[in-house]
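# Observations on the model geometry
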Amino acid sequence: MITTLIIFFILGLAIGSFLNVVVYRLKTAENIVWERSHCPHCKKIIRWYDNIPLISFILLKFRCRYCKQKISLQYPLVEFFTGAIFTFIGWRYFVAADPMTWVATLYYLGIVSFLIAIFVYDWLNMEIPGLVLWPAVGWAIVFNLIFDYSKLGNTNVFDLHIYSAVLAALVAFLFFFILSAASREKWMGMGDAFLAILVGLVTGWPQVLLALILSFFIGAVVGIILILAKKKKMKSQIPFAPFLVLGTLIAMFFYVPIVGWYLSLFRF
Ligand SMILES: [Zn+2]
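A quick note: this is a predicted structure, and the numbers were derived from the prediction, not measured. (Residues numbered from 1 in each chain as written. Predicted model: local features only at pLDDT ≥ 70, side-chain atom pairs only at ≥ 80, totals over all residues. Heavy atoms only, no water.)

Our next topic: the layout of surface pockets. Its boundaries defined by the atoms lining it, the largest pocket holds a volume of some 760 Å³. What lines the largest pocket is a set of 27 residues, among which Lys186, Trp187, Ser236, Gln237 and Ile238 lie closest to the centre. Elements with a contribution of two residues or more to the lining of the largest pocket: α7 (190-203), α8 (207-228) and α9 (241-264). A per-element tally of the lining of the largest pocket places α8 first, with 5 residues. Of the residues assigned to the lining of the largest pocket, the class counts are 13 nonpolar, 6 polar and 8 charged. (1 Å grid on protein atoms, 1.4 Å probe; cavity = no way out; pocket = protein on both sides within 12 Å on 5 of 7 lines; lining within 4 Å. Points joined across faces, edges and corners; volume = space filled by probe spheres on them. Helix = DSSP H or I, 4+ residues; strand = E, 2+ residues; numbered from the N terminus. Nonpolar A, V, L, I, M, F, W, Y, C, P; charged D, E, K, R; others polar.)

Position of Gln69 among the secondary structure elements: in the loop between α2 (55-59) and α3 (74-93). When the C-alpha positions of Gln69 and Gly191 are compared, they lie 33 Å apart, and in sequence the two are 122 residues distant. Sequence-distant contacts of Gln69, that is, excluding residues within four places in its chain, are made with His41, Phe62, Arg63 and Cys64. (Contact = heavy atoms within 4.5 Å.)

Before going further, it helps to spend a moment on the coordination of the zinc ion. Within the protein, the zinc ion binds to Cys39 (SG), Cys42 (SG), Cys64 (SG) and Cys67 (SG); these donor distances fall in the range 2.3 Å. Considering all 4 donor atoms around the zinc ion, angles at the metal cover 104 to 116 degrees and the coordination shape is tetrahedral. Donor residues for the zinc ion sit on one chain with the sequence pattern C-x2-C-x21-C-x2-C. Here Cys42 is found in the loop between α1 (2-28) and α2, whereas its partner Cys67 is found in the loop between α2 and α3, with 25 residues between them in sequence. With relative accessibility at 30%, the residue Cys67 sits in the partly exposed group. (Donors = N, O, S within 2.8 Å, 3.2 Å for Na, K, Ca; no water. Tetrahedral: all angles 85-135°; square planar, octahedral: opposite > 155°, others 65-115°. Buried < 20%, exposed > 50% of the residue type's maximum accessible area, 1.4 Å probe, protein only.)

What follows is about the pattern of salt bridges. In this structure the tally under the stated criterion is 1 salt bridge. Where Arg65 meets Asp50, a salt bridge forms, and the shortest distance between an N and an O atom there is 2.6 Å. Here Asp50 lies in the loop between α1 and α2 and Arg65 lies in the loop between α2 and α3, a separation of 15 residues in the sequence. Arg65 gets classed as partly exposed once you look at its relative accessible area, which sits at 39%. Owing to a relative accessible area of 11%, Asp50 belongs among the buried residues under this scheme. (Salt bridge = Lys/Arg side-chain N within 4 Å of Asp/Glu carboxyl O.)

In this fold, Ser113 is placed in helix α4 (residues 99-125). For Ser113, a relative accessible area of 11% corresponds to the buried category. If we ignore the near neighbours within four places in the chain, the residues touching Ser113 are Ile15, Leu19 and Phe86.

Where nonpolar side chains cluster on the molecular surface, the patch consists of Trp48, Tyr49, Ile52, Ile55, Leu59 and Tyr66 and spans about 670 Å² of accessible area. With respect to the element layout, Trp48 can be found in the loop between α1 and α2. (Patch = residues over 30% accessible without salt bridge, like charges linked within 9 Å, V, L, I, M, F, W, Y side chains within 5 Å. Areas by Shrake-Rupley, 256 points an atom, 1.4 Å probe, with all protein chains shown as cover.)

Time to look at a positive patch on the surface. A cluster of basic residues, Lys61, Arg63, Lys68 and Lys70, forms a positive patch on the protein surface. Within the element layout of this structure, Lys70 appears in the loop between α2 and α3. (Lys, Arg positive; Asp, Glu negative; His and termini not counted. Charge placed at Lys NZ, Arg CZ, Asp CG, Glu CD.)

With that out of the way, let us pick up the packing of aromatic side chains. Under the defined criterion, the tally for this structure stands at 30 aromatic pairs. A ring pair is formed by Tyr93 and Phe253, whose centres lie 6.3 Å apart and whose planes are at 45 degrees; its orientation type is tilted. Of this pair, Tyr93 sits in helix α3 while Phe253 sits in helix α9; the two residues are 160 residues apart in sequence, bridging distant segments of the chain. A relative accessible area of 6% places Phe253 in the buried class. (Phe/Tyr/Trp six-rings, centres within 6.5 Å; stacked < 30°, edge-to-face > 60°.)

What follows is the structure, given as structure tokens:
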């Protein structure tokens, strides 16, 4: 078991490292796969031994070997959190002897990777990358259909994953679409409405409601902290996708315990 989890963590580190590259190159419009990584400051090619997730950053003391410029903390943080979430997914869903859990695990690893890339890209650029979002939407739809197919015989349409996913996507999209249209994209951008489609697809109905409530709650708390810390003013814009992604991840993995806890508050 522990070996499996270590493999998941290392896989997560590697994917996290790749996601950093994807986010960087989507902005600079470089070739994602075939180009060697280079330092954004001095453009020197980064050698493989300087490109080992986490370890290289620590050995190099977070600086480029050549120009000694600081490497953004974003790189090791994204790697670490991708590794941590991958480990969690392996622990929660993966059973080596059961092929169906392989499919579920693959689904979650993929969705989480897409969500992390969207989180980081929007954080840096205040924009949701369509080149990540739409493949993620496709991924969610295909896997929902696979999960439904695997237990055909259950003919009630309302019990299907895809029904709950599409309903949730529609509600979430309309909610953000109205916010965005009513405010002429001041409160919320159209990109957030498109991201809401993905949020609905991966959480389903009614879990999507928790994802939305959590994202507004986390957004409000972070916003207040930033204003108190004088990093932002009342009117400044903060990217919303990171909060939507956080709300989605929490609702996706912890819906049952959170709702159980909430309901227990009203039981005396
Ligand atoms: Zn450099």
